[in-house]
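Spelled out from the first residue to the last, the chains are:
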Amino acid sequence: MTINPEKVLLVGDVHGSIRQLSRALDFALDSGVDTVVQLGDFGIWPGWQGQAFLADVNSVLETCDLTLLFVPGNHDDYGQINSTPVNDDGLQEFGSRLFAMPRGYRTVWQGLSVAALGGAHSVDRQWRLHHAPDTHWEAEHVTEEEAAAFAAAGPTDLIFMHDSPDGAPNTIVDSNTGAQFFPREELDLAQKHRGLLATAVNPTSPALIAHGHYHKYMTGTYRPAGATRDCTILGLSEGGERDLSQYVYLLDLTTFKETYPRA
């Protein structure tokens, strides 16, 4: 399948909710978009519920003539993801219109270098291990080898992620909001993982990084360490967000270089 959209709709966390995803797909149709990029915690779950969700999503996508690409998050089943073959185009097929962008995925859209780097640390890991161990996967973490390979692959314009790299403006991390809800040990591990993400993306000097994970809309600009230009960071909220504009973002790739110019 050839994918080279002029516009894409970016979507935050869905967590296996067809109702929440449908809000975004309706917006995509109203906006004349045929390609949707979901930024992790999509809903790749074990068992019949996960399979039913994927079947329902793919049926809706076929009916609406939409293609959806997703970045695996930290609450997606890496057993399924890592056992799904990578096609010649670099994508993993979960349906005729539904594809995963594995870590290190690279492509070119409208002359732009596009990459994907999914994964994050689950700060609720201890609760999951004790109460719902089948919903936690150690492969949620990017490995040092994956980070090094991503950095070595060269410059990018646009990166789709689930978490944001260390150094990027982040209203949740910067305000230490998680300290009142999660163990310090888990927050420290999450920060360590964000540091690893930074070693992957900083050398590629992206103009835009889009991510989910924090269930909160956030945006800002910064200069990653060692980068050759400033980077805009865009974090999207999750599907239960009342304000749709904080959960989805329409990205025009035909004007990307004017909107996110090189420094």
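Residues numbered from 1 in each chain as written. Predicted model: local features only at pLDDT ≥ 70, side-chain atom pairs only at ≥ 80, totals over all residues. Heavy atoms only, no water.

Some remarks on the pairing of strand β3 (residues 67-70)
The side-chain alternation of β3 yields two buried faces, one formed by Thr-67 and Leu-69 and the other by Leu-68 and Phe-70. The pairing of strand β2 (residues 35-38) with β3 spans four bridges and is classified as parallel. Note that in β3 the partner of Val-36 across the bridge is Leu-68. In terms of handedness, the path from β2 via helix α2 (residues 47-64) over to β3 forms a crossover that is right-handed. (Buried < 20%, exposed > 50% of the residue type's maximum accessible area, 1.4 Å probe, protein only. Helix = DSSP H or I, 4+ residues; strand = E, 2+ residues; numbered from the N terminus. Pairing = 2+ DSSP bridges. Right-handed = clockwise from strand over helix to strand, strands pointing away.)

A look at the sheet that holds strand β7 (residues 112-117)
Strand order in the open sheet formed by six strands is β6-β7-β8-β9-β11-β10, and the pairing between neighbours is mixed. Each edge of the open sheet carries a strand with a single partner, namely β6 (106-109) and β10 (218-222). Direction aside, neighbouring strands of the sheet carry axes that sit 20 degrees apart on average. Here four bridges tie strand β9 (residues 208-211) to strand β11 (residues 231-235), and the two strands are oriented parallel to one another. Bridge assignment links Leu-208 to a residue of β11, and that residue is Thr-232. (Axes fitted to C-alpha atoms, helices over the stretch in contact; angles between N-to-C directions.)

Digging into the sheet that holds strand β5 (residues 98-100)
Read from one edge of the open sheet, six strands run β4-β5-β3-β2-β1-β12, paired in mixed fashion. Every interior strand has two partners, whereas the edge strands, β4 (92-95) and β12 (248-252), have only one. For this sheet, the mean angle separating the axes of adjacent strands, direction not counted, is 25 degrees. Contacts from helix α1 (residues 18-30) reach β1 (7-11), β2, β3 and β12 within the one sheet, and its direction differs from that of β1 by about 160 degrees. Here α2 sits on the sheet and contacts β3, β4 and β5; the angle it forms with β5, its principal contact strand, is near 120 degrees. (Contact = heavy atoms within 4.5 Å.)

Some remarks on the packing of aromatic side chains
Considering all chains together, one arrives at five aromatic pairs under this definition. Aromatic pair Phe-42 and Phe-53: ring centres 5.2 Å apart, planes at 55 degrees, arrangement tilted. Taken together, the residues span a long stretch of sequence, with Phe-42 in the loop between β2 and α2 and Phe-53 in helix α2 at a distance of 11 residues. A single burial state applies to Phe-42 and to Phe-53, both of which are buried. Taken together, the ring pairs in this structure connect Phe-42, Phe-53, Phe-70 and Phe-94 into an aromatic cluster. The positively charged end of Arg-106 is found above the aromatic ring belonging to Phe-150, 5.0 Å away from the centroid. (Phe/Tyr/Trp six-rings, centres within 6.5 Å; stacked < 30°, edge-to-face > 60°. Lys NZ or Arg CZ within 6 Å of the ring centre and 35° of its normal.)

Focus: helix α7 (residues 184-201)
Three- or four-residue spacings in an α-helix give side chains the same orientation, since the helix completes a turn every 3.6 residues. The end-to-end C-alpha distance of α7, which contains 18 residues, comes to 26 Å, matching closely the 26 Å that a straight helix rising 1.5 Å per residue would cover. Along α7, the residues classified as buried are Glu-186, Leu-187, Ala-190, His-193, Arg-194, Leu-196, Leu-197, Ala-198, Ala-200 and Val-201. Residues of α7 that are buried make contact with β7, α4 (125-131), α5 (144-152), β8 (158-161), α6 (171-174) and β9. (Expected span 1.5 Å × (residues − 1).)

Some points on the environment of Pro-5
Checked against the element boundaries, Pro-5 lands in the segment before β1. Given the relative accessible area of 6%, Pro-5 is considered buried. Remark: the alpha-carbon pair of Pro-5 and Leu-158, spanning 153 residues in sequence, is separated by 14 Å. Leaving out residues up to four positions away in the same chain, Pro-5 has contacts with Asp-34, Thr-35, Trp-109, Gln-110 and Leu-253.

Observations regarding the pattern of salt bridges
All told, the structure shown has eight salt bridges when counted by the stated rule. Where Asp-124 meets Arg-128, a salt bridge forms, and the shortest distance between an N and an O atom there is 2.8 Å. Here Arg-125 makes a salt bridge to Glu-185, at a shortest N to O gap of 3.9 Å. With Arg-125 in helix α4 and Glu-185 in helix α7, this residue pair connects regions lying 60 residues apart in the sequence. Taking the relative accessible area as the measure of exposure, Arg-125 reaches 17% and is therefore buried. Each of Arg-125, Glu-185 and Glu-186 takes part in salt bridges that share partners, so that together they form one network. (Salt bridge = Lys/Arg side-chain N within 4 Å of Asp/Glu carboxyl O.)

A word on unusual backbone geometry
Here His-15, not a glycine, exhibits a phi torsion of approximately 55 degrees, which is positive. Relative to the helices and strands, His-15 resides in the loop between β1 and α1. In this structure, His-213 is a non-glycine residue whose phi angle is positive, near 80 degrees. Mapped onto the elements of the fold, His-213 is located in the loop between β9 and β10. The class for His-213 is buried, based on a relative accessible area of 17%.

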